[in-house]
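Spelled out from the first residue to the last, the chains are:
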Amino acid sequence: MSKRLCILQYLIIGVLTTIASADVTVVVDSTNKDSMITDLRQLLPDESLGWTAQGEIKFYDRESIFDYMNGAGEVYRMYAYREMVVQRMANEGQPEITVELFDMSTSEDAFGIFTHSRLSEDTSPGQGATHQPGLLCFWKNRYFVCITAMRETPETKKAAYDIAGKIDKLILNTGPKPAILECLPLDRLDQLSVRYFHLYTSLNYHYYLADQNILKLNEKTEAVIAQYEPHRSFLICIRYPDEKLAKEAMSSFREAYIPEADSSDLAQIEDDKWVAAKLESTFILLALDAPTQDSAISLIRAAKERLADIDNEEP
Amino acid sequence: MEKKPITRRDFIRGATCAALGTAAGLSFAFGGEEKALPLVRAVLIRHKDAVDAKGVVNPTVIQKMMDDAVVALFDVEKPIDAWKLMIKPEDIVGIKSNVSGPPSTPGELEKALTKRILEVGVSKKNIDIGDRGVLRQKVFLNSTALINVRPIRTHHWSGVGSLIKNYIMFDPNPPNYHDNYCADLAKLWELPVVKGKTRLNILVLLTPLFHGIGPHHYDPKYTWNYNGLLVGTDPVALDSIGLHLLQAKRREYFEKDSPIRPTPHHVMFADTRHKLGTSDLNKIELIKLGWEKDILI
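Throughout what follows, the structure given in this document is the object of discussion.

On to the pattern of salt bridges. This structure, assessed with the given rule, holds 31 salt bridges over all chains. The partner of Glu252(B) in a salt bridge is Lys249(B), with the nearest N and O atoms 2.9 Å apart. Here Glu252(B) pairs with Lys249(B), and both are found in helix 8 (residues 235-254), just three residues apart, close to one helical turn. Of the residues examined, Glu252(B) reaches a relative accessible area of 41% and is grouped as partly exposed. Across the salt bridge formed by Lys293(B) and Asp294(B), the nearest N and O atoms sit 3.3 Å from each other. Note on Asp294(B): relative accessible area 49%, which makes it partly exposed. It is possible to trace a salt-bridge network through shared partners that takes in Glu260(A), Glu270(A), Arg9(B), Asp10(B) and Arg13(B).

Here you go:
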């Protein structure tokens, strides 16, 4: 597809684009673009420190992403992933570099996919970056970018950061992180363990709770999970679109996970660790793997105190 | 909710798939308190020279490993006796390999299998090896027998690439199986093109991939020369043992329990929902042959 045709296609798509999938429907609002780039290809550099773009830029939407990465495409579809472009870059005598640029629809979901599998975090490029041998990823505004080298050499690493820097510059504005992060108490928080998500499949990736959606998570719920030192206890904070669903989710959780708990919603489970749950308006707070009853209660209490700091807009 | 959910607490109680519990970061082992009579046999065979330091597979060693494994599995005198129990001369045999990866199914192993199938008397034209193109390969479309052979490796969506998952190319639309981390991959085994045809499963444990981050993950530092093959007739049992091995390696490497993510629950569901085989390690008789160093399980 020519570049001009591709841009035209975007214009035809119009103001609202509805992306449907088997388990999630995400409405993408493209009216508030600010300085958003309408054609992702404009963000890709043609060259970097000897690497030059090779072949056509590939484009994948929510359906065709499987053609590029098979089942792993589902990871992006757990968020409001909209489309991606892929550019391969070559430099004679050096490993190939692949640049993947994802439009995640919102900065919150760009942050979410960034947190999905990060092992480390640097403050730049972008609004946060993570590097491991052969792979540099960062997020900025609604975009998530990954630069992969077939094999990392000092040269590929330098080029990856150069490419990332160029893309970073072209994305003019930053975007907000999810407001729900505010519910996490900072004391003893392992920052790298913070993950933002919507669906129970994401939750099960980070903490396998059940084979079914016992917390009634959906594309409109916002959730964050994090671990606390020194016992690596988990805190999960979920905001539902309304109080009715939050209540139903709490009942479902009680029945499926802690049926023995009384109205305190506290239980010591088979591994001797404690579970605590708290329904608070549209929020559910869960402490898991806590070593003592007191530590579970303290974690919930500390999170509850922070809920007032979260804006009351619907997620 | 349609049926009672299986929760993390069920894993902790050990009420369900031990290997999956292990993969979720919980501790299990062969021979727990509720030991039952083994119902399923699997053979783990290892050889220190199966793969050299450069990753080159030794074809002679691989042939010997396969031969010894099937002799032990079927409790017969000679490899040909075992193969005659699995394959008839008039069979049309597809060897379902795996080219994804690395690691992928080694050609040396494919040749070792082909050699013995030919010796049973199957015509050369009635044997084929395939992966992504199986739905376009005549032998697979008309097959009467299948040999399922693939390496185990971590996978960004299904948790692991498993023997159960290896049949995904028999469906023209693989995304049909993606829901809930590929929970119901065992449904693949009900497809007419494969149902009831599998004679042998081989989980390749030569250089397993035990960890990875990201959709295209492969880093040789997360592989090791285990130099093993796991052979049996029950794909769920072999995958459960494979998971157990990966988790043991992760515990050794990371020096702590490190659950495979996402949890590869399709292995458990292959047992509990789809009755494809057994995932309960206590019900598997694991015969260990050959090299014992750092066997881990």
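This part takes up the packing of aromatic side chains. All names here are of chain B. Overall, the coordinates contain 22 aromatic pairs over all chains when judged by the stated rule. In this structure an aromatic cluster arises from ring pairing among Phe210, Tyr222, Trp224, Tyr226, Tyr253 and Phe254. Arg46 extends its terminal NZ or CZ atom over the ring of Tyr226, reaching a point 4.1 Å from the ring centre. Sitting above the plane of the Phe269 ring, Arg273 keeps its charged end 3.8 Å from the centroid.

Okay, helix 7 (residues 243-257) of chain A next. With 15 residues, helix 7 of chain A ought to run about 21 Å at 1.5 Å a step, and its terminal C-alpha atoms sit 21 Å apart, in line with that. Among the residues of helix 7 of chain A, Leu245(A), Ala246(A), Ala249(A), Met250(A), Ser252(A), Phe253(A), Ala256(A) and Tyr257(A) are the ones counted as buried. Buried residues in helix 7 of chain A, looked at end-on, bunch into an arc of 165°, giving them a common side. Exposed positions of helix 7 of chain A whose direction lies more than 90 degrees from the buried face are Lys244(A), Lys247(A) and Glu255(A). Check the buried side of helix 7 of chain A and you find it contacts strand 14 (274-280) and strand 15 (283-290) of chain A together with helix 1 (8-13) of chain B. With a side-chain oxygen lying 3.1 Å from the backbone nitrogen of Lys244(A), the N-terminal cap of helix 7 of chain A falls on Asp242(A).

Calculation notes
- Residues numbered from 1 in each chain as written.
- Chains lettered and ligands numbered in written order.
- Predicted model: local features only at pLDDT ≥ 70, side-chain atom pairs only at ≥ 80, totals over all residues.
- Heavy atoms only, no water.
- Salt bridge = Lys/Arg side-chain N within 4 Å of Asp/Glu carboxyl O.
- Helix = DSSP H or I, 4+ residues; strand = E, 2+ residues; numbered from the N terminus.
- Buried < 20%, exposed > 50% of the residue type's maximum accessible area, 1.4 Å probe, protein only.
- Phe/Tyr/Trp six-rings, centres within 6.5 Å; stacked < 30°, edge-to-face > 60°.
- Lys NZ or Arg CZ within 6 Å of the ring centre and 35° of its normal.
- Expected span 1.5 Å × (residues − 1).
- Arc of directions from axis to C-beta.
- Contact = heavy atoms within 4.5 Å.
- Polar contact = N/O pair within 3.5 Å; in protein donor to acceptor, adjacent residues only side chain to side chain.

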